[in-house]
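# Working through the structure, step by step
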There are 2 protein chains.
Amino acid sequence: MNVLIVYAHQEPKSFCGALLVVATEALKEDGHEVKVSDLYAMGFNPVCDRWDFTETADPDYFKVQKEQTHATAGGSFAPDIVREQERVQWADLVIFHQPLWWFSVPAITKGWFDRVLALDFAYGRGRWFDRGVFRGKRAMLTITAGAPEQRYQEGHIFGGIERVLYPLHVGVLNFVGFDVLEPFITWAPIQMSIEEREAELQSYRSRLEGVWTAEPLPFHSLKRHPDPLEGLNSYVAPRRSS
Amino acid sequence: MNVLIVYAHQEPKSFCGALLVVATEALKEDGHEVKVSDLYAMGFNPVCDRWDFTETADPDYFKVQKEQTHATAGGSFAPDIVREQERVQWADLVIFHQPLWWFSVPAITKGWFDRVLALDFAYGRGRWFDRGVFRGKRAMLTITAGAPEQRYQEGHIFGGIERVLYPLHVGVLNFVGFDVLEPFITWAPIQMSIEEREAELQSYRSRLEGVWTAEPLPFHSLKRHPDPLEGLNSYVAPRRSS
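Residues numbered from 1 in each chain as written. Chains lettered and ligands numbered in written order. Predicted model: local features only at pLDDT ≥ 70, side-chain atom pairs only at ≥ 80, totals over all residues. Heavy atoms only, no water.

## Examining the packing of aromatic side chains
The tally for this structure, following the rule as stated, stands at 44 aromatic pairs over all chains. Between Phe 103 of chain B and Tyr 152 of chain B the ring centres are 5.9 Å apart and the planes differ by 50 degrees, which places this aromatic pair in the tilted class. Of this pair, Phe 103 of chain B sits in the loop between β3 (93–99) and α5 (107–116) while Tyr 152 of chain B sits in the loop between β4 (138–145) and α6 (161–164), and the two are 49 residues apart along the sequence. With 6.3 Å between their ring centres and 85 degrees between their planes, Trp 112 of chain B and Phe 113 of chain B make a pair best called edge-to-face. Take Trp 112 of chain B and Phe 113 of chain B: they sit in the same class, and that class is buried. A connected cluster of aromatic rings, assembled from ring pairs, spans Trp 102, Phe 103, Tyr 152, Phe 158 and Trp 187 of chain A together with Tyr 123, Trp 128, Phe 129, Tyr 166 and Phe 175 of chain B. Positioned above the aromatic ring of Trp 90 of chain A is the side chain of Lys 35 of chain A, whose terminal nitrogen or guanidinium carbon lies 4.3 Å from the ring centre. (Phe/Tyr/Trp six-rings, centres within 6.5 Å; stacked < 30°, edge-to-face > 60°. Helix = DSSP H or I, 4+ residues; strand = E, 2+ residues; numbered from the N terminus. Buried < 20%, exposed > 50% of the residue type's maximum accessible area, 1.4 Å probe, protein only. Lys NZ or Arg CZ within 6 Å of the ring centre and 35° of its normal.)

This is the structure in structure tokens:
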């Protein structure tokens, strides 16, 4: 199978970096192909703007959805976006691997969502959730969290981790049709002994072995969570603001 | 009072841009001082990395929390971060104003959180939530959403909007101690008539008039949501990964 790892950490010697090494080794040993989009190393630009496109749909009014629709139709995304879009299409599994910052991914990963998962390429025209573009593909979050797990339990100070990850799981991965797997979260690696870190790396290796047969999380589906506006497509061509 | 608007939209002629004009005009008419950090116009760099700092705490191992602590102590943040940090300190109210992308803020705004709200400057050493650095200041989200409100109702396809905004409200604004006000959300401005847009702008103007007396949202507090690790500070100096 083909695995894309969208990876964001500045320091190769970090525990995040160690998890990446384990993942690529383990997946290759099992006969899979692995590509890593190492966002910091690539100098990936996370700002969605006119430079996302080599042609302009409307030079007088920048509307990102209109430009993305135009670029999907005409093949005029910037090369850095095309490369990532081709990788997602190639992948059977996409792992988004990064530390948890401000209850979310770092900006460099958020910008990957903003720029790569473009309208008409990754969603639109009724294709989302169960009818999503990437249905049949799997996705999971691999996260290192600075705080211990206790803080992310329901009723405690940060609230449940599933609340924290809701926008990423439902609003990004589920939205574009991925089967979303349980996240792999390392809690406070900073506080682990060497032995605990080795056990954690082994645990990640085991998780990845089971990744093809694991039951996806029971997230949103259009059957259980109907679209109240079924049949209407809100992602229509923009009218000008006055 | 002093108001900082952290603004992210590429197109001044957008409805997002119209809301910004209304906000700055209305707040100034009421005698307040207003500063706008227009992130796209500034070319704000959202990538948190070594260039955040003019000095290095550890040239051999990049750990962002260690570098932020060092920079807070030594005054060695990069000038673009210093400018924003001074603006937050100056402000009595901070408005984060942007479209909703992927159930969150655009990467350029996420990077503002990642880089400006640095450890020891904006949190750390027991200062968070009720004991947060910015307690006494107010913050609110001003959002334009592409989809109509019905999609963001509990049980419907996107789930409740309060779920979507949880990481921003609790994990960012509440975390650093702001009193978090109800967000101002414009649903699907693309589908509004000119008259509806004018009414929406007027509604925003009214909301801003009441911003100083509005009751903050009942978010997390250390009293109601205890820290299970009270007294321990998980944000400690890093040990090296092996």
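## Focus on the packing of helix α1 (residues 15–29) of chain A against helix α8 (residues 194–209) of chain A
Residues and elements named next belong to chain A. Where α1 meets α8, the axes come as close as 9 Å, and the angle between the chain directions of the two elements is 40 degrees. Accordingly, the angle class assigned to the pair α1 and α8 is oblique. For the pair α1 and α8, the sense of crossing is right-handed. On α8, the residues that touch Phe 15, Ala 18, Leu 19, Val 22, Ala 23, Glu 25, Ala 26, Leu 27 and Glu 29 of α1 are Arg 197, Glu 200, Leu 201, Tyr 204, Arg 205 and Leu 208. Of the residues in the contact of α1 with α8, the class split is 10 nonpolar, no polar and 5 charged. (Axes fitted to C-alpha atoms, helices over the stretch in contact; angles between N-to-C directions. Parallel < 35°, antiparallel > 145°, perpendicular 65-115°, else oblique. Left-handed = near helix turned anticlockwise from the far one by under 90°. Contact = heavy atoms within 4.5 Å. Nonpolar A, V, L, I, M, F, W, Y, C, P; charged D, E, K, R; others polar.)

## As for helix α8 (residues 194–209) of chain B
All names here are of chain B. The end-to-end C-alpha separation of α8 is 23 Å, in line with the 22 Å expected for 16 residues at 1.5 Å each. Buried within α8 are the following residues: Arg 197, Glu 200, Leu 201, Tyr 204, Arg 205 and Leu 208. Down the axis of α8, the buried side of the element spans an arc of 145 degrees, and every buried residue falls inside it. The outward face of α8, more than 90 degrees from its buried face, is lined by the exposed residues Glu 195 and Glu 209. For α8, the elements touching its buried residues are α1 (15–29), β3, β4 and β6 (184–187). (Expected span 1.5 Å × (residues − 1). Arc of directions from axis to C-beta.)

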